Structures are given as structure tokens and as C-alpha cells.
Amino acid sequence: MLRNRLVVLGLIASVVFTPLALAEQVLKMATTTSTENTGLLPVLNAPFEKKHTARIDVIAVGSGKAMKLGESGDVDIVFVHDPDAEEKFMAAGHGVDRKPVMHNDFVVVGPETDPAGVRSAKTAAEAFRKIAEAKAGFVSRGDESGTHVKEKTLWQKAGLRPEGEWYLSVGQGMGAVLRMADDKADYTLTDRGTFLADKDKLTVKLLFEGDPALFNPYHVMAVNPKKHKHVNYELAKKYIDYVTGTEGQKTIADFKVADQPLFYPDAIPNAEKSKK
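Just so it is clear, the structure is predicted and the values come from calculations on it, not from any experiment. (Residues numbered from 1 in each chain as written. Predicted model: local features only at pLDDT ≥ 70, side-chain atom pairs only at ≥ 80, totals over all residues. Heavy atoms only, no water.)

Visitor: Explanation requested: the overall build of the protein in the structure shown.
Guide: Counting its secondary structure elements, the protein contains 12 helices and 12 strands. Out of the 276 residues in the protein, the part that is buried amounts to 48%. Summarising the internal contacts of the protein: among those between residues at least 6 apart in sequence, 72% fall at separations of at least 24. On the protein, roughly 13500 Å² of surface is accessible, and the fraction owed to carbon and sulfur atoms is 54%. (Helix = DSSP H or I, 4+ residues; strand = E, 2+ residues; numbered from the N terminus. Buried < 20%, exposed > 50% of the residue type's maximum accessible area, 1.4 Å probe, protein only. Contact = heavy atoms within 4.5 Å. Areas by Shrake-Rupley, 256 points an atom, 1.4 Å probe, with all protein chains shown as cover.)

Visitor: Help me out: how do you make sense of the packing of helix 3 (residues 40-52) against helix 11 (residues 246-254) in this one?
Guide: Helix packing for two helices is described by the angle between their axes and how far apart those axes are. It is the contact of helix 3 with helix 11, at a shortest axis distance of 10 Å, that shows an interaxial angle of 155°. In terms of axis orientation, helix 3 runs roughly antiparallel to helix 11. Regarding helix 3 and helix 11, the two cross each other, and that crossing is right-handed. Residue-level inspection shows Val43, Leu44 and Pro47 of helix 3 in contact with helix 11, the latter providing Glu247, Gly248, Thr251 and Ile252. (Axes fitted to C-alpha atoms, helices over the stretch in contact; angles between N-to-C directions. Parallel < 35°, antiparallel > 145°, perpendicular 65-115°, else oblique. Left-handed = near helix turned anticlockwise from the far one by under 90°.)

Visitor: Help me out: how do you make sense of the confidence of the model for the protein in this one?
Guide: Should pLDDT be low for a region, the predicted coordinates there are not to be read in detail. On average, residues of the protein score 91 in pLDDT, and 90% of them are at 70 or above. Contacts for the low-pLDDT stretch residues 6-21, under 50 throughout, to residues beyond four places or in other chains number two contacts. (pLDDT = per-residue confidence, 0-100.)

Visitor: Is there a simple way to explain the pairing of strand 4 (residues 95-110) in this structure?
Guide: On a regular strand, each side chain points to the face opposite its neighbour's, so the side chains alternate between the two faces of the sheet. In this sheet, strand 9 (residues 215-223) lies alongside strand 4 in antiparallel orientation, the contact comprising eight bridges. The partner of His103 across the bridge, within strand 9, is Pro217. One ladder, built from three bridges, connects strand 4 with strand 8 (residues 205-208); its direction is antiparallel. Its bridge partner being in strand 8, Gly110 is matched across the sheet by Lys205. (Pairing = 2+ DSSP bridges.)

Visitor: Before we go on, may I ask you to explain unusual backbone geometry in this structure?
Guide: Outside of glycine, negative phi angles account for most residues, and trans bonds account for most peptide bonds. A positive phi is found at Asp97, a non-glycine position, where the angle reads about 60°. Located in the positive-phi region is Asp114, a residue other than glycine, with phi close to 45°. Following the sequence through the fold, Asp114 ends up in the loop between strand 4 and helix 6 (124-134).

Visitor: Is there a simple way to think about the nonpolar core in this case?
Guide: One broad trend across soluble globular proteins is that nonpolar side chains are buried collectively. In this structure, Leu27, Leu44, Ile77, Phe79, Met102, Tyr239 and Val243 are the most contacted members of the largest nonpolar core, which totals 26 residues. For this core, the secondary-structure elements that each account for two or more residues are strand 1 (25-32), helix 3, strand 2 (54-61), strand 3 (77-80), strand 4, strand 9 and helix 10 (233-243). Among all residues touching Tyr239, those that are not within four sequence positions of it are Leu27, Met29, Leu41, Leu44, Asn45, Phe48, Ile56, Ile77 and Phe79. If you look at the next biggest cluster of nonpolar residues, it comprises 22 residues, including Ala121, Ala127, Ile131 and Tyr167. (Core = buried A, V, L, I, M, F, W, Y, C linked by side-chain atoms within 4.5 Å.)

Visitor: Just checking my understanding: could you explain the pattern of salt bridges for this structure?
Guide: It is possible for side chains of opposite charge to pair when their charged atoms get near one another. Tallied over the full model, the rule gives 13 salt bridges. Of the charged contacts, one joins Arg192 and Asp105 as a salt bridge, the two residues approaching to 2.6 Å between their closest N and O atoms. Placement of Arg192 in helix 9 (residues 192-198) and of Asp105 in strand 4 is noted, with a sequence separation of 87 residues between them. Owing to a relative accessible area of 18%, Arg192 belongs among the buried residues under this scheme. Among the ionic pairs, Lys250 bridges to Asp254, the shortest N-O distance being 2.4 Å. Highlighted residues: Lys250 and Asp254, both in helix 11, separated by four residues, approximately one helical turn. (Salt bridge = Lys/Arg side-chain N within 4 Å of Asp/Glu carboxyl O.)

Rendered as C-alpha cells:
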């Protein structure tokens, strides 16, 4: 009788406590379409999810919208590439623990015939000026993403306000904009990672690169738990430690398409050598 009772109690304990011990945590992340379009996030997030019995729910939008989600407490962590806006986000107390993660750069792509002569430009601003002067088609993200903010900065440096039938603002993510520019044989500004990830499906070519003004850094920030007590700050902090630590940084360094890196680690710049 006693043995039977112990067996029953054991079964009850396993039913009650095992699910709790194995309960899946959820981390809500707002990030850019470029981190998703490149295919980096599933590769980067999988080891963290396994280690922490967690699921990362990703909302991929422009950097501006991602920070709005953080500001309203609708996510736990923000992973974006708009440094000026990020600094304002932090100064307003919306975020904590901002850390550099990685970088790539922006490039100008367009039709191989290059009717605006972008290949001959010496600076990104000059490339934009050539496009406007030729009234060659240009597709803009138009979504207040980090890419769109960079584009607007380059138009300002060129001393221009783009308008007219040649300039199309579409409010779409990077992958969609690349496909649209490709269909129309137009120019656009893209992060290098998304272009490399989609290159084999596109006819537009990389026409301008290398201007320091096209540098594109990514940072990660936890949403401030003092403003939003419901956020999963502990898990967000663990993710920040992971993505800026040796394992996460090496994963970023090793992520390539056709043997070309899409991003370069910034928290541990030599991460590709630090863990084999």
C-alpha cells in the first residue's frame, strides 16, 4: 500500500513540476528587416534558445519602428542600426545596456547599364547627385528604417530634396525594395548583407561602395525595466551577453554567403580567431 502511494505521489510530482522546470521562456525582439532578410537571426538565435529553453519572437521592421516598440514596452529587446536615434532612445531612458554588436556597410545598386554614371562617383553624395540629375529611377525604403535615415542624410549631403516621378518611396523592407528596384531596373541604397544574401536572384549590380559615410553599425539594447516592469529584462540581459560574447560574435563572423561575410563582429572584432 505504501509503495503504491509513493508511486502515485511520484507521478503527481512529475506532472506538476516537470512542465514548470521545462517551461519555455519568451524573449520579444524588435529588429531590422536586414538582420532577418540576410538569414542571420535564425542561425544566431538558435544556440541561445536551446541553452536557455527559450523562444525568441522576432518582429522585423525598420529601426525607427523597432525603437517605437521598445519605447511602448511591447518588446524586451531592440537590435537596430540607427546610431543617432539609438542615442536619443537611451537618453530618454527607454533603453539600458546598449552594446555594439556588428557592422557592415551600405552600397548603391542599380542597373548594369548605369545610366546615371554612378560608377564614376567619388563619394556617396556625388552618386546620389548623379542619379537625381539624370532623373534615373530610385526606390526608397521610405519607412524611417536605419537605411532610410542614411539615405536621407546622403540626399542632404548632396544638397538635394528628391521628388518627382523618378523617385519612388514605398514604405517596404529591404528585401522587398531590392526586388522592386530589380523589377524596375532602378537604383536603391541597401545594406551590403541583404544584397549579398539576395544577389543570385537579382539583376541589379553593386555600383558604388567604400565611402566612410556608408558605415553601418548595429547595436543591441534592453528595454528599460524601470519604465516597463513587465519586460523580461533578465533574459534580455542574457541575450546581450551572448550576442556580444565569444560564441555570438564567432557566429556573426562565420556567417557568410558565397564565402563573403555579411557582417563583421564589433564586440570582439577578432572573434573568428578566438574560438575554433
